[in-house]
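Here is what each chain is made of, one letter per residue.
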Amino acid sequence: MAYSGSAEAPSFDSSSLIDLRSDTVTRPTSAMRAAMAAAEVGDDIYGEDPTINRLEARAAEIFGREAAVFVPSGTMGNQIALRLHTRPNQEIICESRAHILDWEMAMAATFSGCLIRAVASPAGYLTWEQIAPVVHAKGSTFSAATGLIELENTANLAGGIVIPLPVMEEVLHEAHKRNLPVHLDGARIFNAATTLGGDIFENVRTLTRSFDTVMFCLSKGLCAPVGSMLVGSKDAIDEARVYRKALGGAMRQAGVLAAAGLIALEEMTLRLHEDHANAKLLAESLAKLPEVQIDPATVETNIVIFNLNNRSAAEVTSGLKARGVLAGATGPKSVRLVTHHDVDRNACLRAAEILGEVLEDAAVAARS
Ligand SMILES: *Cc1c(COP(=O)(O)O)cnc(C)c1O
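Residues numbered from 1 in each chain as written. Predicted model: local features only at pLDDT ≥ 70, side-chain atom pairs only at ≥ 80, totals over all residues. Heavy atoms only, no water.

Engineer: How would you summarise empty space enclosed by the protein if you had to cite specific residues and measurements?
Structural biologist: What the rule picks out here adds up to three cavities of 30 Å³ or more. Looking at the largest cavity, its volume works out to about 110 Å³. Counting residues per element, the ones that place at least two in the lining of the largest cavity are β3 (91-95) and β5 (146-152). Examining the composition of the lining of the largest cavity, we find that three residues originate from one element, β5, more than from any other. The residue makeup of the lining of the largest cavity, split by class, is nine nonpolar, one polar and four charged. Space inside the second largest cavity adds up to approximately 60 Å³. Lining the second largest cavity are Asp23, Ala187, Arg188, Phe190, Asn191, Cys217, Lys220, Gly221, Leu222 and Leu272. For the lining of the second largest cavity, the per-class residue count stands at five nonpolar, two polar and three charged. (1 Å grid on protein atoms, 1.4 Å probe; cavity = no way out; pocket = protein on both sides within 12 Å on 5 of 7 lines; lining within 4 Å. Points joined across faces, edges and corners; volume = space filled by probe spheres on them. Helix = DSSP H or I, 4+ residues; strand = E, 2+ residues; numbered from the N terminus. Nonpolar A, V, L, I, M, F, W, Y, C, P; charged D, E, K, R; others polar.)

Shown next as structure tokens:
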């Protein structure tokens, strides 16, 4: 961690940690670093970075769309999309645990001038039946019009679940009948596509074909150091470039990042099933612990969220941390573990074992 010449010792040795806080912690692979070093670059604001141009063209091709734009983060990609589809004083409908609501500051309000109309769904995703009652196609002197519907696939805080295709298709069909656009937060759309089996790129096209815009991340389980993409029609993406510039997200010789992004897209998408198998294994091991509530059958992708019976999430995550396992609390009694490229099968098994020790120690302490 410390650069050569620094007298400071690194704050911790990250190589010995089992970091399951998020798939964002993945580091660029050696193939990525080599591609980054060799990347052809130019000024992307002039449209002259050949590697960025290649990444954008390839993303558009994979998603079967006219255009794509590279953005520094998934948050920026989502917020540009919200702005594209709405006017101030409108509402954006999403599920109550959506990333755009809980993890992107109040940007829907400050950047797009819109209110988020959150609808809670125990399943973690919204059906048309749940959306329909809160849709105001026109607005009135009392209530704001709906400007956009937003779905998230996989649904992160619902445990990485995959929205069933017929559910999404019904939402898209009904929304479009009313001229309502629908944006997909597909931060982990390649994880969703992996669960369908077969050709992942074909699956991604199937899962996203009717959305007006789709955002996906290169910098999560796909290991790129930086970057997300927004895909859609040429008109939408041309306008997205204006908002990206306004947000300070237009970059210059960013082909060094796109070089890693191309490997993320072409190669790292093909190995996500390994993360899913490790998540399942982790869930099965955790299910054996009496203090833990988890149904391994609900773990569909790379996210494992479990509840604790008596212990608090803060107590458990700090106990884990003291033994070299990093996890995140997602509620007073819920903990999230995310599997990814940099944590292998053995590390996942070891993490489950360590959790067992932490819970055992806590039970002993509680009795004494
Ligand atoms: C991580 C994430 C994002 C945002 O990505 P950043 O690059 O961290 O801004 C958006 N949506 C979901 C569901 C995510 O998990």
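Engineer: Which residues make up unusual backbone geometry, and what are the values?
Structural biologist: Note on backbone geometry: most residues besides glycine have negative phi, and most peptide bonds are trans. In this structure, the amide linkage connecting Asn153 to the following residue, Thr154, adopts the cis form with an omega of 0°. Residue placement: Thr154 occurs in the loop between β5 and α7 (165-177). Positive phi, normally seen in glycine, also occurs at Asn89, with a value near 80°. Position of Asn89 relative to the elements: it lies in the loop between α3 (74-85) and β3.

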